[in-house]
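# Fold and geometry: a report
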Amino acid sequence: MDPVRNPYAPGAGQRPPELAGRDRELQQFEVVLERVARGRPERSMVLTGLRGVGKTVLLNTFKSMAMQRLWGTGKIEARPEQSIRRPVAAALHMAIRELAPRHRAPERIEEFLGVLKAFAMRDPSAAKGTSHWSPAIDVPAGRGRADSGDLEIDLTELFVDAASVATDLGVGVALFIDEMQDIQASDISALCAACHELSQSGGPLIVVGAGLPHLPSVLSASKSYSERLFRYARIDRLDRAAADLALIAPAAREEVEFTPEALDALYEAADGYPYFVQAYGKVAWDLAPKTPITADDIRVAAPEAEEELAVGFFGSRYERATPAERDYMHAMASVGDEPVPTSEVAELLGRKPSSLSPARDSLIKKGLIFSAERGLIAFTVPHFGRFLRAQPL
């Protein structure tokens, strides 16, 4: 088979050739866009799921949908050590730049950019009247709006003003946030408060976040009303029909087919996880001598696909862990693949649960595990337990 024509695309956030099994989420977001465009109240949206299920792909698809409706859009990726003030300022600057050419009142755009610049430059850690950073906005910074230094106040005022500019054009603004669970607790609180204000005023600005399965609990711990503030969509593995479609449709466009037995073998290997579907599909295509791709071709390809996953998908994460953190994860894996009680991990390691808190907390910060619910922990990566059980201790 010609590797140049290989349609499969395993990659971080890389859109697959066939976005299968996500029709429900796409329809939900279409409804959000339409309701906001008609001036009807609508909640912002949050996608949650394990790594490799396609949250970033879906987030980027939503962004494209908003752009097609001529909305202003901006995207950030949250980082644990960074305040969202500057990334949000840069994202909204991009969004307003998309709207500016169509706005009939240039002074309105300049007024907002002045507020945006003041917001971006207001660094509470800097000496009074100074800033360590100045955004590339060619207007003077405004005064008295979004520049108090209190992120909750400033973000609310900035969102309201951005929504007002979009209202002038009869469109909306969408801010997309990837890895949303990594936003600092105080910043999450400010973000929720700003979204709450917008939901009450009906301003056409929405926040669309994506994060790990514990993101709803992070939001709930910040503001009690967050469970009513966002529309939550849990992204999971593909069912059999969707997983088959993700393989069959791109191949058909290249006049290549799979036998039913090959599809059986691929679904068993990939377990419906979109990243794995692409990874196994890519190697199977490269190693198959001709069409149709058979179950024998899958058996030949599986070891190479698993080796690539072991190095790139699993191994790169495993290497980030310290020896103590690896011991902790191996203990988790020895219990099984479902969420594990922290007490059971401590018992296996012969330690008190409190003495293992530093390793557990560090693994959570590194995004390798998450707290599924009180007293339970789980891997953020599907099949990570199986990978660990194959590693030497």
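Residues numbered from 1 in each chain as written. Predicted model: local features only at pLDDT ≥ 70, side-chain atom pairs only at ≥ 80, totals over all residues. Heavy atoms only, no water.

## A short note on the overall build of the protein chain
As a reminder, the rule being used: Note on conventions: DSSP H or I runs of at least 4 residues are helices, E runs of at least 2 residues are strands, and numbering of each starts at the N terminus. Under the scheme applied here, a residue whose accessible area is under 20% of the maximum for its type counts as buried, over 50% as exposed, and between as partly exposed, the area being computed with a 1.4 Å probe on protein chains only. Residues count as neighbours in contact if any of their non-hydrogen atoms are within 4.5 Å of one another. Calculation of accessible area relied on Shrake-Rupley with a 1.4 Å probe; when residues are assessed, cover is drawn exclusively from the protein chains displayed.
Tallying secondary structure elements over the protein chain gives 16 helices and 8 strands in all. Taking the principal axes of the C-alpha coordinates as reference, the protein chain spans close to 65 × 60 × 35 Å. Across the 393 residues in the protein chain, those meeting the buried criterion constitute 51%. Taking the intrachain contacts of the protein chain between residues at least 6 apart in sequence as the baseline, contacts between residues at least 24 apart amount to 76%. For the protein chain, the computed accessible surface area is about 18,500 Å², with 50% contributed by carbon and sulfur atoms.

## Looking at the sheet that holds strand 4 (residues 205-211)
To keep things clear, this is the line we draw: Whether two strands pair depends on DSSP finding at least two bridges between them. Whenever a helix is involved, its axis is fitted only over the stretch in contact; in every case the axis is a line through C-alpha atoms, and angles between N-to-C directions fall within 0 to 180 degrees.
An order of 2-3-4-1-5 is seen for the 5 strands of this open sheet, with the pairing classed as parallel. Every other strand in the sheet has two partners, leaving strand 2 (72-77) and strand 5 (230-234) as the edge strands with one partner each. Strand-to-strand twist across the sheet, computed as the mean angle between neighbouring axes with direction ignored, equals 15 degrees. When strand 3 (residues 173-178) meets strand 4, the two strands line up parallel, connected through 5 bridges. Bridge pairing in strand 4 places isoleucine 177 opposite glycine 209. Here helix 1 (residues 23-37) sits on the sheet in contact with strand 1 (44-48), strand 3, strand 4 and strand 5, set at roughly 165 degrees to strand 5. The strands touched by helix 6 (residues 185-201) within the sheet are strand 1, strand 3, strand 4 and strand 5, with strand 4 carrying the most contacts at an inclination of about 140 degrees.

## Section: a negative patch on the surface
Convention followed: Here the term patch refers to residues with relative accessible area over 30% and no salt bridge, with like charges joined within 9 Å and nonpolar side chains (Val, Leu, Ile, Met, Phe, Trp, Tyr) within 5 Å. Salt bridges are defined as contacts in which a side-chain nitrogen from Lys or Arg sits within 4 Å of a carboxyl oxygen from Asp or Glu. Here Asp and Glu are counted as negative and Lys and Arg as positive; His is not counted, and neither are the chain ends. Where a charge sits is defined by one atom per residue type, namely NZ (Lys), CZ (Arg), CG (Asp) or CD (Glu).
A cluster of acidic side chains, namely Glu107, Glu110, Glu111 and Asp138, defines a negative patch on the protein surface. In this fold, glutamate 107 is placed in helix 4 (residues 106-121).

## Considerations on the UniProt feature "domain: Cytochrome c" (unreviewed entry) in the protein chain
Short version of the rule: UniProt positions are given in the numbering used here, feature names are shortened, and annotations may be inferred rather than shown by experiment.
Mapped onto this structure's residue numbering, the UniProt feature "domain: Cytochrome c" (unreviewed entry) falls at residues 167-333. Secondary structure content for residues 167-333 is 63% helix and 11% strand, while the C-alpha to C-alpha distance between its ends is 52 Å.

## Quick notes on the packing of aromatic side chains
Stated precisely, the cut-off is as follows: Only rings of Phe, Tyr and Trp enter the pairing, Trp through its six-membered ring, and a pair is recorded when the two centres are within 6.5 Å. The plane angle decides the type: under 30 degrees is stacked, over 60 is edge-to-face, the rest tilted. Definition used: whenever NZ (Lys) or CZ (Arg) falls within 6 Å of the ring centre and also within 35 degrees of the ring normal, the charge is taken to sit over that ring.
Summed over all chains, the structure comprises 15 aromatic pairs. Plain terms: the ring middles of phenylalanine 314 and phenylalanine 384 are 6.0 Å apart, the flat faces sit at 35 degrees to each other, and that makes the pair tilted. Taken together, the residues phenylalanine 314 in helix 12 (residues 295-318) and phenylalanine 384 in helix 16 (residues 384-389) connect sequence positions 70 residues apart. Taken together, the ring pairs in this structure connect Tyr273, Tyr275, Phe276, Phe313, Phe314, Tyr318, Phe379, Phe384 and Phe387 into an aromatic cluster. Sitting over the face of the ring of phenylalanine 313, arginine 317 holds its NZ or CZ atom 4.8 Å from the ring centroid. Looking at arginine 326, its charged tip hangs above the ring of tyrosine 318, at a distance of 4.6 Å from the centre.

## Digging into helix 4
To keep it simple, the criterion reads: To estimate how far a helix should reach, multiply one less than its number of residues by 1.5 Å.
The end-to-end C-alpha separation of helix 4 is 22 Å, in line with the 22 Å expected for 16 residues at 1.5 Å each. Along helix 4, the residues classified as buried are Ile109, Phe112, Leu113, Gly114, Val115, Leu116, Lys117, Ala118, Phe119 and Ala120. Where the residues of helix 4 are buried, they touch helix 3 (85-99) and helix 5 (151-169).

## A word on the sheet that holds strand 6 (residues 340-341)
Spatially, 3 strands are ordered 6-8-7 in an open sheet, and the strand pairing comes out antiparallel. This sheet does not close on itself; its edge strands, each paired only once, are strand 6 and strand 7 (369-373). By the bridge criterion, 4 bridges tie strand 7 to strand 8 (residues 376-379) in an arrangement that is antiparallel. Bridge pairing links phenylalanine 370 to alanine 378 in strand 8.

## Regarding the environment of valine 256
Structurally, valine 256 is set in the loop between helix 9 (240-253) and helix 10 (260-270). With a relative accessible area of 5%, valine 256 lands in the buried category. Residues valine 256 and tyrosine 267 lie 11 residues apart in sequence; the distance between their C-alpha atoms is 18 Å. Sequence-distant contacts of valine 256, defined by excluding residues within four places in its chain, comprise Met1, Ala251, Trp285, Thr291 and Ile293.

## Considering unusual backbone geometry
Between threonine 291 and the following residue, proline 292, the backbone shows a cis peptide bond with an omega angle of 0 degrees. One non-glycine residue, glutamate 179, lies in the positive phi region at around 55 degrees. By the element assignment, glutamate 179 lies in the loop between strand 3 and helix 6. The buried category is assigned to glutamate 179, whose relative accessible area is 16%. Not every positive phi belongs to a glycine, and glutamate 255 is a case in point at roughly 60 degrees. Along the chain, the position of glutamate 255 falls in the loop between helix 9 and helix 10.

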